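Residues per chain, in single letters:
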Amino acid sequence: MSLLVVGSVALDSVKTPAGEVTDALGGSATYFSMAARLFSAVSVVGVVGQDFPEEHIGLLKSHGIDVSGIQFAEGKTFRWAGAYDGDMSVAETLDTQLNVFADFDPQLSSEAKETEFLFLANIHPSLQRRVLEQVTGAKLTFCDTMNLWIETQLDEVKALLEGVTGIILNDQEGRMLTGEANLVRAGRTIIDMGPRLVVIKKGEHGALLISEDDVIPLPAYPLSEVVDPTGAGDSFAGGLMGYLAESGEASLDTLKAAVAHGIVTSSFCCEAFSLDRLKDVSRNDIDSRLRLFRDKLVF
Ligand code: AMP
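Attention here is on the structure that accompanies the text. Since we're looking at a predicted model, the values are computed, not measured. (Residues numbered from 1 in each chain as written. Predicted model: local features only at pLDDT ≥ 70, side-chain atom pairs only at ≥ 80, totals over all residues. Heavy atoms only, no water.)

Of all nine residues in helix α1 (residues 28–36), nine are buried, a share of seventy percent or more. Burial in α1 covers these residues: S28, A29, T30, Y31, F32, S33, M34, A35 and A36. (Buried < 20%, exposed > 50% of the residue type's maximum accessible area, 1.4 Å probe, protein only. Helix = DSSP H or I, 4+ residues; strand = E, 2+ residues; numbered from the N terminus.)

In structure tokens, the structure reads:
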């Protein structure tokens, strides 16, 4: 089934205890699509500047990702710089340069408007809403957000939540959005804001899937070495939504399996900087790691 993502396509400069990279390929939509392509066809809507290396577009294309919705605009590509310390659970944002994103007005093609599955990856919530308003009959729409928007654009974030089926966010964002320290209560409070599904990511502690009637916990896939967690959240969302698009439905069992696919997909992302590991991952790699993951959970 068709899957569309709108989000950032970026050049990231990242420092972790394992090393650093400058102006490496990144962005929420980039990580999402590189993960989702393992399960389903995926199209990206975004914008880059004239300085964006052609080879990065080539990399996405060579993985079967539809890049026809990526515009080349006058100006420089969105840039994000971040650093991680200690257990690397939280990124410290050192710099955000919106550049071409400042004037981005996403216009979906008629085909894109008919997408069945939509992911509004992390960009300004008003841009997320503009895309949501253009999509006519999506079966499932999920969004992401971040602390920056919760702090500075809370009304926009809340307006967005009224129109989506689900949200995928991390524990810190869930607490910030709701004022609830307890994540189950935070999830329920978010459900009261509009979405019927909430997925709360807890980094190395896994994720919670929360619906009106259920709370389902899943652990993370245990990794002994994390090189760079950038994009883990987006590749989690890509694995989750890619799997849903492949399945074509969203029963509770399918949602549970989708979260497990998100967890396993994102574990690969953390093993190298940028897209360096994720680009070489195959469906077989996912399935083998998923089998190990499932075996660890059975008791
Ligand atoms: P995550 O999956 O949360 O680690 O997302 C990391 C990606 O989000 C990086 O590749 C950044 O380029 C991108 N990013 C960071 N801040 C923003 C922002 N304010 N708007 C859009 N994308 C962002």
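Our next topic: the site of the ligand. Near the ligand lie 18 residues; those nearest to it are S8, D12, G27, G231 and D234. S8 places a side-chain nitrogen or oxygen 2.8 Å from a nitrogen atom of the ligand. Side-chain polar atom of D234 to an oxygen atom of the ligand: 2.7 Å apart, as the coordinates give it. Coverage of the ligand by the protein chains reaches 88% of its 510 Å² of free accessible surface. For the shell around the ligand, the secondary structure elements donating two or more residues are β2 (10–16), α5 (147–152) and α9 (232–247). Residue contributions to the shell around the ligand peak at three residues, all from α9. For the shell around the ligand, the residue count by class is nine nonpolar, seven polar and two charged. (Near = heavy atom within 4 Å. Polar contact = N/O pair within 3.5 Å; in protein donor to acceptor, adjacent residues only side chain to side chain. Areas by Shrake-Rupley, 256 points an atom, 1.4 Å probe, with all protein chains shown as cover. Nonpolar A, V, L, I, M, F, W, Y, C, P; charged D, E, K, R; others polar.)

One open sheet holds the nine strands; their spatial order is β5-β4-β1-β8-β9-β10-β11-β12-β13, and the pairing between them is mixed. In the strand order of this sheet, the two ends are held by β5 (66–72) and β13 (215–218), each with one partner. Strand-to-strand, the axes of this sheet are offset by a mean angle of 15°, without reference to chain direction. Where strand β9 (residues 140–143) lies against strand β10 (residues 166–170), two bridges are found, and the strand directions are parallel. (Pairing = 2+ DSSP bridges. Axes fitted to C-alpha atoms, helices over the stretch in contact; angles between N-to-C directions.)

Across its 15 residues, helix α11 (residues 283–297) extends 21 Å between first and last C-alpha, which sits within 8% of the 21 Å expected from 1.5 Å per residue. Listed as buried for α11 are I286, R289, L290 and F293. Angular distribution of buried residues about the axis of α11 spans 110°; they occupy a single face of the element. Looking at α11, the residues exposed on the side facing more than 90 degrees away from the buried face are N284 and D295. As for α11, its buried residues are in contact with α10 (252–269). (Expected span 1.5 Å × (residues − 1). Arc of directions from axis to C-beta. Contact = heavy atoms within 4.5 Å.)

Here the focus is the pattern of salt bridges. Where charged atoms from two side chains of opposite charge approach closely, those side chains can pair. Evaluation of the coordinates by the stated rule reveals 11 salt bridges. As a salt-bridge pair, K279 and D280 come within 3.5 Å of each other at their nearest N and O atoms. (Salt bridge = Lys/Arg side-chain N within 4 Å of Asp/Glu carboxyl O.)

Now for the packing of helix α7 (residues 171–178) against helix α8 (residues 183–193). Two elements in contact, α7 and α8, have axes separated by 9 Å at closest approach and are oriented at 60°. Our classification of the angle between α7 and α8 gives oblique. The interaxial crossing formed by α7 with α8 has left-handed handedness. On α8, the residues touching D171, G174, R175, L177 and T178 of α7 are L183, A186, T189, I190 and M193. Looking at the contact of α7 with α8 residue by residue, the classes come out as five nonpolar, three polar and two charged. (Parallel < 35°, antiparallel > 145°, perpendicular 65-115°, else oblique. Left-handed = near helix turned anticlockwise from the far one by under 90°.)

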